[in-house]
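# Summary of structural features
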Amino acid sequence: MVHRILIVTAVAAEADSVSAGLGLSGLDGPGHLPLPGGFALRRHTGGGVRADVLTGGVGPAAVAAATGTALACAAPGDADGGYDLVVSAGIAGGFVPVAPVGTVVVSGSVVAADLGAQTPDGYLTVEELGFGRSAHPVAEALTGRLSAALGAGGLAHTVGPVLTVSTVTGTAGRAAELAGRHPGAAAEAMEGFGVAEAAAAYGVPVVEIRAVSNAVGPRDRAAWRIGEALDALRRAFALLSTVFVEPS
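Residues numbered from 1 in each chain as written. Predicted model: local features only at pLDDT ≥ 70, side-chain atom pairs only at ≥ 80, totals over all residues. Heavy atoms only, no water.

Looking now at the packing of aromatic side chains. Across all of its chains, the model carries 0 aromatic pairs by this definition. In this structure, Arg181 packs its charged tip against the face of Tyr123, placed 3.7 Å from the ring centre. (Phe/Tyr/Trp six-rings, centres within 6.5 Å; stacked < 30°, edge-to-face > 60°. Lys NZ or Arg CZ within 6 Å of the ring centre and 35° of its normal.)

Okay, structure coming up:
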């Protein structure tokens, strides 16, 4: 059986790092498969794995649309077959000291950190408001396999909640608020929850993998290490490409 994985990034530089990592794992060169809506998949096959890499756009709405399109075009029962796993991947801000710059985060849960309401008594999640959901837990069996592979390859990483926000944190106060509201939060990015919502609609498991480029908090572009994070992302996918799905 071929294990079928959809990997969704926000921008092309992240997709390039993921593709480079998959190539280092001995997979064949990618094919280019157009999708409706102007999207396209980079398909890597080999070694019993089919990994499709999709550049979905920035923010939860954009990637939800892109991910849903890819899943609809590869639904179970189609000749190509549906996916066994969806991965949201890219770079992110890391919460200090949980996830330092240059390390990798595997999501223990994918959390919509600002999907709710501000009230005089504080923030309320959509669950507390009585509708919707704001988190997708990730199976410990999956995060355990991914963590073991990263550890065996000597890549510094942590497993913890990855927060999805529509506005990136730029102050110490906001960082402290998010960390207090989400104990153990490891990283903050803008796409994971959108990917997870689309995956859930098709009944496909999801996980988020992020390489840390900067600390969550006061915005300091001079301190960002985007190149280092993209290289860590490449290294992560070189180590992970064969362990996303249990052997059948």
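What follows picks up the thread again.
This part is about the packing of helix 4 (residues 140-152) against helix 7 (residues 226-240). One way to put it is that helix 4 packs onto helix 7 with a least axis distance of 9 Å and a crossing angle of 110°. Considering their axes alone, helix 4 and helix 7 lie roughly perpendicular with respect to each other. The handedness of the crossing between helix 4 and helix 7 comes out as right-handed. Facing Leu146, Ala149 and Leu150 of helix 4, the residues of helix 7 in contact are Ala236, Leu239 and Leu240. (Axes fitted to C-alpha atoms, helices over the stretch in contact; angles between N-to-C directions. Helix = DSSP H or I, 4+ residues; strand = E, 2+ residues; numbered from the N terminus. Parallel < 35°, antiparallel > 145°, perpendicular 65-115°, else oblique. Left-handed = near helix turned anticlockwise from the far one by under 90°. Contact = heavy atoms within 4.5 Å.)

For the rest of this paragraph, the subject is the pattern of salt bridges. Oppositely charged side chains can pair when the atoms bearing their charge come close. Enumeration according to the criterion identifies 10 salt bridges in this entry. Between Glu177 and Arg181 there is a salt bridge; the shortest N-O distance is 2.3 Å. With Glu177 and Arg181 both in helix 5 (residues 172-181), this residue pair falls 4 residues apart, about one helical turn. By relative accessible area, Arg181 is classed as partly exposed at 21%. Taken together, the shared-partner salt bridges connect Arg43, Arg50 and Asp52 into one network. (Salt bridge = Lys/Arg side-chain N within 4 Å of Asp/Glu carboxyl O. Buried < 20%, exposed > 50% of the residue type's maximum accessible area, 1.4 Å probe, protein only.)

Moving on, we come to the side chain of Thr143. Among the structural elements, Thr143 can be located in helix 4. The class of Thr143 is buried, set by a relative accessible area of 7%. At a separation of 3.2 Å, a polar atom in the side chain of Thr143 contacts the main-chain carbonyl oxygen of Glu140. When sequence neighbours within four positions are dropped, the list of residues in contact with Thr143 reads Val106, Ser107, Gly108, Val138 and Val159. (Polar contact = N/O pair within 3.5 Å; in protein donor to acceptor, adjacent residues only side chain to side chain.)

For the rest of this paragraph, the subject is the packing of helix 2 (residues 60-72) against helix 6 (residues 192-201). Remark: helix 2 packs on helix 6, axes separated minimally by 7 Å, with the N-to-C direction vectors making an angle of 30°. Taken as axis vectors, helix 2 and helix 6 run roughly parallel relative to one another. Regarding helix 2 and helix 6, the two cross each other, and that crossing is right-handed. Across from Pro60, Val63, Ala64, Thr67, Gly68 and Leu71 in helix 2, the residues of helix 6 making contact are Gly194, Val195, Ala198 and Ala199. Across the contact of helix 2 with helix 6, the residue classes break down as 7 nonpolar, 3 polar and no charged. (Nonpolar A, V, L, I, M, F, W, Y, C, P; charged D, E, K, R; others polar.)

This part is about the pairing of strand 7 (residues 116-119). Examined bridge by bridge, strand 7 and strand 8 (residues 122-125) share 4 bridges and lie antiparallel to one another. Along strand 8, the bridge assignment pairs Gln118 with Tyr123. Counting the residues that bridge the hairpin from strand 7 to strand 8 gives 2 residues. (Pairing = 2+ DSSP bridges.)

On to the nonpolar core, then. If you look at the biggest cluster of nonpolar residues, it comprises 51 residues, and the most contacted ones within it are Leu6, Ile7, Val86 and Val87. It is helix 7 that contributes the most residues to this core, 7 residues altogether. Val111, Val165, Ala175 and Ala185 belong to the second largest nonpolar core, which has 9 residues in total. (Core = buried A, V, L, I, M, F, W, Y, C linked by side-chain atoms within 4.5 Å.)

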